[in-house]
Every structure is written in C-alpha cells, then in structure tokens.
Amino acid sequence: MIGAATMDLVEDDPNSLCDTCKRLCRGHWCLKSYEHPSDASHWVQVESWDEDIVIESRHHVIGELLRSTQKGCRLCAIIQGMLLQDEISKLLATEGSLHHNTARTTYELRPRGSDVIVDLVFHSGDLIIFRELLLTPTGAMFPTQCTSLISQETLSDNSLSQASQWLHECETDHAVCNPEIAFSTRRSKILPTRLLDVGTESSPTTKIINSNEFPAGVEYFTLSHFWGGKLPIKLTSDSLDEFQTAIQFPTLPRTFQEAIYITRLLKTRYLWIDAMCIIQDSVKDWLHESSIMGQVYANSRLTLAATASSDSHGGLCRQRNSRLIGAIVISPLWTGLGMQFQQYICTSYEEWRNDVDAAPLQKRGWVLQERMLSPRVLHFADRQLFWECWTKCASESIPTQLPHSVSGQLKKWPIGSMNCLNNYSHRLALQAKWPGIVAAYSNTALTNDKDKLVAISGIAKQMLEMWGGSPRDYLVGLWRDSIHHELLWRVDLGARPVRPKYNRAPSWSWASLDAEILVPSLYTEHLQVESSKCLVNIAEVKVTPSNNLSTSISKGHIRLQGPMCRMRRVVELTVDPSEVFRGRGQLRSQHWKIDGRTMPGFETYMDDGTFGSKAYGIQTYHFVGFFESVVSNPKGEWLTGMILQPTGGADGEYQRCGVLNVVNKQGREMINAAFAMQRMEKLEYEEVCDGFKYTIRIK
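Small disclaimer: the values here were computed from a predicted structure and weren't measured. Here the residue numbering is sequential within each chain, running from 1 through the sequence in written order. Since the coordinates come from a predicted model, pLDDT governs what is reported: local features require at least 70, and pairs of side-chain atoms require 80 or more to be given and counted, while whole-chain, interface and lining totals use all residues. Hydrogen atoms and water are omitted, and side-chain values are computed over all heavy atoms in the structure.

J.: An account of the overall build of the protein is requested, with residue identities and associated values reported.
T.: Across its full length, the protein carries 20 helices and 33 strands. Working definition: with a 1.4 Å probe on protein chains only, accessible area under 20% of the residue-type maximum means buried, over 50% means exposed, and in between means partly exposed. Looking at the protein as a whole, 56% of its 699 residues qualify as buried. When contacts within the protein are restricted to residue pairs at least 6 apart in sequence, those whose partners lie at least 24 apart make up 69%. All accessible areas in this document rest on Shrake-Rupley with a 1.4 Å probe, and a residue is counted as covered only by the protein chains that are shown. For the protein, the exposed area adds up to about 30900 Å²; of that, 50% sits on carbon and sulfur atoms. The way it works is that DSSP assigns letters per residue, a run of H or I at least four long becomes a helix, a run of E at least two long becomes a strand, and they are numbered from the N terminus. Whether two residues are in contact is decided by their heavy atoms, any of which lying within 4.5 Å being enough.

Structure below.
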C-alpha cells in the first residue's frame, strides 16, 4: 500500500491556479516502470493508490496556456515565461496547422531529495520542447521565500531597493564575504591605480582620480561587462588629462552610464571600469593593471555585472513582463510520493542557468575571475536582478535564498566557497577545485588569445595566497602537487580545438589550446590511490619565466621517466547508411595497432579533436603509460597515458598529441607486453632507466 500525504491547496489571488494546474498538484503517483531499475526516477499519475493504471498527465497546449495566463493562472504564467518567444511562435504555428488533435503537453514528477522536478514536454507535430519546473520546500524550516512584487523594469525603485537590502545584509551578516576574513590575515589589500569618481546626485560630474587622491579606506564598485567590439570612448594617453578634469557623460556607452547611475544610487562614490581606468594604448600600464586585476575585483565592495548585454551599448536595465517572472507557493495534495512538506515554492528550474550561466557576459574569458574573486556580484540579467555572494544566491522573485539545486552549479568552485577549505588538513583539497575552474574557463572566449594565461592568473594567485604557496607551485595552468593527474587533461568530445600559431604555452599545458578542456582531479574515481598505481616519475619541470602567473607566453619542458611503446593509429573512411547521417558523406573511424595487432577497448582524445582535420590513413605515435588499475580493482582493468610525437629536434624530445585510455584487460595486457618487448632507438629517448622505462622530454 502506498502511503498518502494530504495537504491543503493554496488558492490565494497571487497564487491562483487554473483547474489544469490544480490537477498537477493532486492525484495518486507511482514510480514509472523502466527496464533498468537505475533509471526509475520518474513518477506518473495512476487511477488510484491500489491500481497501476497509468494516466497520461496532460497540461495545456500552447494556445490554452496563453489563454490561461491571460485569465490569471500564476503557474501557467511561469510556464509561459520559461518558453522563448520563438518557441511559442513555432508551437502556435504547428498547433494551428495540425488536422488532428496531436498537439499535447505532458508532465511527470521527479523527486530529488526534498525537491520535486516537474518534467514538462510540449509535443506539436514533429516539434518537441522540454522544460523543467522546480518545487522546493518553504516554510519556517527553510530560508527560501518568494515574492510576487516584481516591477516592470530592473532599474525600478523596488529593484534597486532589493539590491540595497542584499548589499546591506551581506556586509552586515556574512562573515565569509568579508575578504579580510575569507582570504585570511595574510592578504594585502592592493587597490587599482585609478578610479572613476562618479560624484553625487546633486553634483554628478564624473572624472578619473589617481590612487594618491583616494580617501582613506576607499570603497568602490567594479563593472563586469562585455566590450563586444569598438568602444566609443576609452582612456588613452591623450585623453588622460581631460578625463581627470571631467568626462562628458553623454559620450559614454549606455552600460557605463547606467553603472555610474546605479553606483550613485547605492551610495558609493567610486567605480572601476577597465576601459576607463586602464590606459588602453600603454602596454606598460596594461601589464601592470592586468597583473592586479583579480585583486581589484576581490577588494571591491560590489561588482555590477552587465550579464544580459553582449556589448557596451546593451546597458544594465531591462524592461520586462512581470507577470511571466517569479515564483509561487503551492501546497500539493499528492499521494504516493511520500513527500513530507506542506508548502513548496514553484519556479523555473532553468532560470539561473539560462539568465546567468548561459548569458552573453559569461562567454567572455576575463569574466570568470571577475565573478569568482568578487565578494558580491549583482547580475543585471534579461528578466531579473540576481544576487551572488560567497554566502548565497538570490533573485528578485526569491530574494531570501535560491535553493542550491538551482544555483549550486555555480558555487562548486568560487574562491569564496573554497575558503571553507581553510579547515581542511591539506591544500590538495583546494586544488581539487581546479578542474572545475578550467572546465568553465575553457568554455569562454578572449578577444586577444594571448590573454589565455593572464585572464585566469588572478584565481591562481588567490589560491596560492590562501595556502601560503609559492608561484613556483603553479606551472602554466597546472599544479605541481597534482601534475601527474593534471597532465592527462583532455579536449572535450565534440570540441573543435585551435592551437595558436605562436607557442603560447608548452604542448603539455591545456593553455596551449583554445578548446573545451576536462582536467582529471586527484579525486577522479579511477585515479585514486587505492584503485591505481602511478607508472611515471616526473624528474624535472622547467618553466620560463619561473613565475608565470602574470605572463602572456610561457615556455618550458617536462622531463619524465616511464614505460613507453610505439603504436599506430589507423583512421579509415566509412559510409554510415543510417538515416541520422544521411547526406554527411563519408565518416571516419579509428583503431590502434600494436606490433600489427589491433587493440580492443580504448578511448582516444586527440588534442586536435577526435579525428583532426587531416587525420587520414596511418600515423605512428609513442605512448607513455601514466596510471593503471591495481590487479584487484573490482571496477575492471584499465591503463591510461599520454600520446606523443617526436618534435624532430633533440633525441628523446616530444610534443603532446592527446590522451589514450585502455579500458579492458586484453588491451591493457597488449600495452604492457609492448612496454616490455619493444626496444626504443637511441633517438627516441634521452636515457634508459629501470628496465623498460625511458627518460624523455616533453615540450
């Protein structure tokens, strides 16, 4: 028998629901049947608790949804707000052209901890659109509360009043958001060379002031924005004197104007904008300011983020339809789910991801460290203001605290949350956050690709400062203590990597490529000490300059000792007759041969992409084993290492070409046999050591 939980349904005016939405909040539910029990996470409605006759749970098709929103259903309004206008138009077009009533919208429930996800699927002809609602508990036990008081624009008095409340609460109550506490007493407060004095509402002249003019204990805001092309105005050597007297407000792009206006309204006198506070035609000034940029953001009172704008003219303020934004409180009448809470906040599960994480600003490389190092960020998104500090995330519709299931993806690696690791016994726990940082950073773009190392250096410096490390611990995007693992970074599947024409970094560093990168952690499951053994010894790592935290270009090599063999990669052209690939012509497949035998069970990640642009035929590579499973590993036998090719320079000198994982016993035995049986020629190594291990150098 399935236990029932009876709850009242809230039907107040702000949270009024149509009959279709009320049905979503009622009824008997049971687990959906799957062939694989591990997939059994969806719940469907049934006729009654003691019967398993499944009802296809239907919601409004798009036309009905729009009409229900007009009639005042708050949940239908939230669902409509989750759809793009283009999607609504396509659904309406296909719905109107269907001769039979095949358009439908279905839903299932998916409990996740104390939350419930509602999976909505819009079907209209061949068009299928997926959306997710989040139901998260609220009430006395939970900090999450919502409001329906959403204004028509994000620069309204209500919106800026909410921003002021967040700022006051954070500065008053959030100890971890105080940089001096968060980053420990070792932190030295480095200030920018220049700031914009934005004046006051009664005396609104804006001008540049130098650091010798800063008042004691100066507090300032920073702006995080997307340049997006040529700026109409910026600081140059010629304009410096003029801007120190006054900057003509109408000449500034809209984003700068609104940032100045908001800074004044939030009772702060000074603002830092990169384009206006760094001399743009001075290499010397840029090198200095870029080297301290991370601390400029870390020491700011608040960062204003032009999150929704793709250039400096996009501004911060947005007009919006407040009816389609927000969250409501519901009290479901469900039986079977076993949910124990009386009230839930219902909102879009994808709101933060779409409006913040996937917004135009996050595509800019410099923004990652601006966002991570700033104690507080106020996001001016397309539909709402969002708050993000080292303690919590919030939105105008849920101003108290967003549930972690919505915003938690962002907070996995911010420096602020890392400060909790001061309680950990070892600094490696902090370094375990680095793979997530690299993955996020490698998904961004830079106007000048020479900034690849500099634009993430502020995060690396902060990590070093937190544990008292030396700049020598940082090796062109990798960490000395975990370098055995991090050298096995790989290009993400489907990425199209680009290697700059100049050597920005050694081939063994992910910074040598522009591509989406995945870096294994010390805590990657199959690389943990208890399930693997290390096969290589890193004898030397040499980087020039040795302190590479603030340089655009770094050179260096790694000298290692490990087992090595020759392998041949065979890339063939095949024709896939399936409908999916029709019209794409010839496709490529690959396999590896060792001493004439085809190796089974492998995963290949080439640095030039899965197959590369010209990877036809047979190519010879060298393979160095890094880790292999212990014999008693219950998860299976495997071996992983680095794919190399000779540089054609000195004996035993190679460049990295990719990573190879061998994932079964037979393949592992073939490689180990090749390690033992093959003999390298003198030009293939520097020295022989420990039997079949060789000393080589990777540039």
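Once the structure has been displayed, the description carries forward.
J.: If you had to explain the packing of helix H2 (residues 62-71) against helix H4 (residues 85-97) to someone new, which residues and values would you point to?
T.: Only the contacting stretch of a helix is used when fitting its axis, a line to C-alpha atoms as for every element, and angles between N-to-C directions run 0 to 180 degrees. H4 packs onto H2 with a crossing angle of 120 degrees between their chain directions and a minimal axis gap of 9 Å. Judged by the inter-axis angle, H2 sits oblique to H4. Between H2 and H4, the contacting residues are Ile 62, Gly 63 and Leu 66 on the first element and Ile 88, Leu 91, Leu 92 and Glu 95 on the second. Note that the term roughly parallel is reserved for angles under 35 degrees, roughly antiparallel for angles over 145, roughly perpendicular for angles of 65 to 115, and oblique for everything else.

J.: If you had to explain the pattern of salt bridges to someone new, which residues and values would you point to?
T.: Criterion for a salt bridge: a side-chain nitrogen of Lys or Arg within 4 Å of a carboxyl oxygen of Asp or Glu. Enumeration according to the criterion identifies 30 salt bridges in this entry. Linking Asp 355 and Arg 383 is a salt bridge whose minimum nitrogen-to-oxygen distance equals 3.8 Å. Of the two residues, Asp 355 is situated in helix H12 (residues 351-357) and Arg 383 in the loop between strand E16 (376-380) and strand E17 (385-389); the sequence distance between them amounts to 28 residues. By the burial criterion, Asp 355 is buried, and Arg 383 matches it.

J.: Help me get a handle on the sheet that holds strand E18 (residues 393-395), residues and values and all.
T.: What makes two strands pair is DSSP finding at least two bridges between them. Strand order in the open sheet formed by eight strands is E9-E8-E11-E10-E12-E16-E17-E18, with mixed pairing between adjacent strands. The open sheet has two free edges, formed respectively by strand E9 (207-210) and E18, since each of these has just one partner strand. Within the sheet, the average angular offset between the axes of one strand and its neighbour, ignoring direction, is 30 degrees. Of the strands in this sheet, strand E10 (220-224), strand E12 (302-305), E16, E17 and E18 touch helix H5 (residues 157-173), which is tilted by about 10 degrees from E17.

J.: Residues and numbers for the side chain of His 591, please.
T.: Here His 591 shows up in strand E26 (residues 586-594). Leaving out residues up to four positions away in the same chain, His 591 has contacts with Arg 568, Arg 569, Val 570, Glu 572, Thr 598 and Phe 602.

J.: How would you summarise the packing of aromatic side chains if you had to cite specific residues and measurements?
T.: Two aromatic rings from Phe, Tyr or Trp, using only the six-membered ring of Trp, form a pair when their centres are within 6.5 Å; if the ring planes differ by under 30 degrees the pair is stacked, by over 60 it is edge-to-face, and anything between is tilted. Within this structure, the stated rule accounts for 12 aromatic pairs. Put simply, the rings of Trp 434, Tyr 474 and Trp 479 pair up and form one aromatic cluster. Two conditions define a charge sitting above a ring: the NZ of Lys or the CZ of Arg must be within 6 Å of the ring centre, and it must be within 35 degrees of the ring normal. Above the plane of the ring of Tyr 502 lies Lys 450, whose end atom (NZ or CZ) is 5.4 Å from the centre. The ring centre of Tyr 605 lies 4.1 Å from the NZ or CZ of Arg 490, which sits over that ring.

J.: Break down the confidence of the model for the protein for me, with residues and values.
T.: Close inspection of predicted coordinates is inappropriate for parts of the model with low pLDDT. pLDDT is defined as a per-residue confidence score from the predictor, taking values between 0 and 100. Of the residues in the protein, 82% have a pLDDT of 70 or more, and the chain-wide mean is 83. Confidence drops under a pLDDT of 50 for residues 34-40, and excluding neighbours within four residues, the segment shows six contacts in the predicted structure. Predicted confidence for residues 411-425 stays below pLDDT 50, and this span has 40 contacts to residues more than four positions away or in other chains.

J.: So what's going on with the nonpolar core? Residues and values would help.
T.: Throughout this description, the term nonpolar core refers to a set of buried Ala, Val, Leu, Ile, Met, Phe, Trp, Tyr and Cys residues connected via side-chain atoms within 4.5 Å. Counting 113 residues, the largest nonpolar core has Trp 434 and Trp 510 as its most contacted members. When residues of this core are assigned to their parent elements, the largest contribution, nine residues, is made by helix H18 (residues 454-467). Residues in contact with Trp 510, not counting those within four places in the same chain, are Trp 434, Val 438, Tyr 441, Lys 452, Ile 456, Gly 477, Leu 478, Trp 489, Ile 517 and Val 519. Judged by nonpolar contacts, the second largest core, of 33 residues, contains Leu 83, Tyr 107, Val 116 and Cys 346.

J.: Break down the pairing of E16 for me, citing the residues and quoting the values.
T.: In terms of burial, E16 is a largely internal element, five of the five residues being buried. Bridge count for E12 against E16 is three bridges, and the pairing is parallel. Each bridged residue has a counterpart across the sheet, and for Thr 303 the counterpart in E16 is Val 377. Pairing analysis gives five bridges linking E16 to E17, with the strands arranged antiparallel. Counterpart to Phe 380 in the pairing with E17 is Leu 385.

J.: Can you break down unusual backbone geometry residue by residue, with the values?
T.: A cis amide bond links Thr 544 with the next residue in sequence, Pro 545, at an omega value of -5 degrees. Among the secondary structure elements, Pro 545 is positioned in the loop between strand E24 (537-544) and strand E25 (555-575). Despite not being glycine, Lys 267 shows a phi value in the positive range, around 60 degrees. By the secondary structure assignment, Lys 267 is in the loop between helix H8 (254-265) and strand E11 (270-272). Taking relative accessible area as the criterion, Lys 267 reaches 67% and is therefore assigned exposed. The phi dihedral of Asp 595 is positive, around 50 degrees, even though this residue is not glycine.

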